[in-house]
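Geometric and topological summary
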Amino acid sequence: MWLTGPIVLQSNINLHIEEGAFVVFSKDKNDYPLVDVSFEGLETIRCQSPISAKNAKNIAITGKGVIDGSGDAWRAIKKSKMAESQWKEIVKSGGILSKDGKNWYPSESYKKGFESSSSFNVPDKISKSELESVKDFLRPVMVSIVGCDQVLLDGPTFQNSPAWNLHPLMTSNLILRNLTVRNPWYSQNGDGVDLESCKNVLIYDNTFDVGDDAICIKSGKMKTEEKEGCQLKM
């Protein structure tokens, strides 16, 4: 078992997780600084992703090991998605309930962020200077690959992500194969893979078992001439 903070991939790097290895990311939010990101087509600020690469070329994540994002430390939970006994255990574990008792938040920071948002994922009712106080709410995608070329993900299990599992953005020549991507059924924003404004993508021989969408194809929210469309081959 390997406990770690965020990993940033550079060009010509293969992060290889051998079979039997378990890489688990820290639950300490202090290990994840606030950074400028694009999320759901919006330029915004969120916590740094556990694994990220930006403008890199010829990178890979391979092997048959497990990569765990400690997502349960980040995510809120809806009462409607839990059995009564499960809900009682969640409430007993700590955290904060919403006023109506229908939502459980992992911390006061998360609750403040949720209540400071009119657009679901962006706390737009407070100033940027206050974002540190709602850091728990600014959940990162687990694997953020932005503006990269020649990317291979082959073999690992990606699980328990804070938000989406895999988020390739404006990336080209990407192969995803032999992956297991999973999240609990109750996970908010627990998508498997969100392809956003990518091209030349090949996805095959994977297993998706997630709490939200399995494979999403997104073009972002900018004007069409500002971003390339996404081409998916399966």
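Residues numbered from 1 in each chain as written. Predicted model: local features only at pLDDT ≥ 70, side-chain atom pairs only at ≥ 80, totals over all residues. Heavy atoms only, no water.

1. Remarks on the side chain of Arg-75
We count it as follows: Only runs of H or I of at least four residues qualify as helices and only runs of E of at least two qualify as strands under DSSP, and these elements are numbered from the N terminus. Each residue is placed in one exposure class: buried if its accessible area under a 1.4 Å probe, protein chains only, is under 20% of its type's maximum, exposed if it is over 50%, and partly exposed if it falls in between. Counting of polar contacts relies on pairs of N or O atoms within 3.5 Å, with two restrictions inside protein: one atom must be capable of donating a hydrogen and the other of accepting it, and residues adjacent in sequence are counted only when both atoms are side-chain atoms. We call two residues contacting when some pair of their heavy atoms lies within 4.5 Å.
Checked against the element boundaries, Arg-75 lands in the loop between β9 (66-68) and β10 (77-78). For Arg-75, a relative accessible area of 2% gives the class buried. Of note is the side chain of Arg-75, whose polar atom sits 2.6 Å from the backbone oxygen of Ser-161. Aside from chain neighbours lying at most four places away, what touches Arg-75 is Trp-104, Pro-106, Arg-139, Asn-160, Ser-161, Pro-162, Asn-183, Pro-184, Tyr-186, Ser-187 and Gln-188.

2. Some words on the sheet that holds strand β18 (residues 180-182)
Adjacent strands of a sheet pair through backbone hydrogen bonds, lying either parallel or antiparallel. The test is simple: Whether two strands pair depends on DSSP finding at least two bridges between them. Working convention: axes come from line fits to C-alpha atoms, limited for helices to the stretch in contact. Angles between N-to-C directions cover 0 to 180 degrees.
The strand order across the open sheet formed by six strands is β1-β4-β9-β15-β18-β21, and the pairing between neighbours is parallel. For this open sheet the edge positions go to β1 (2-4) and β21 (207-209), each flanked by a neighbour on one side alone. Between one strand axis and the next, the sheet turns by 15° as a mean value, whatever way the strands run. Taken together, the three bridges between β9 and strand β15 (residues 157-159) define a ladder with parallel strand orientation. Counterpart to Asp-68 in the pairing with β15 is Gln-159.

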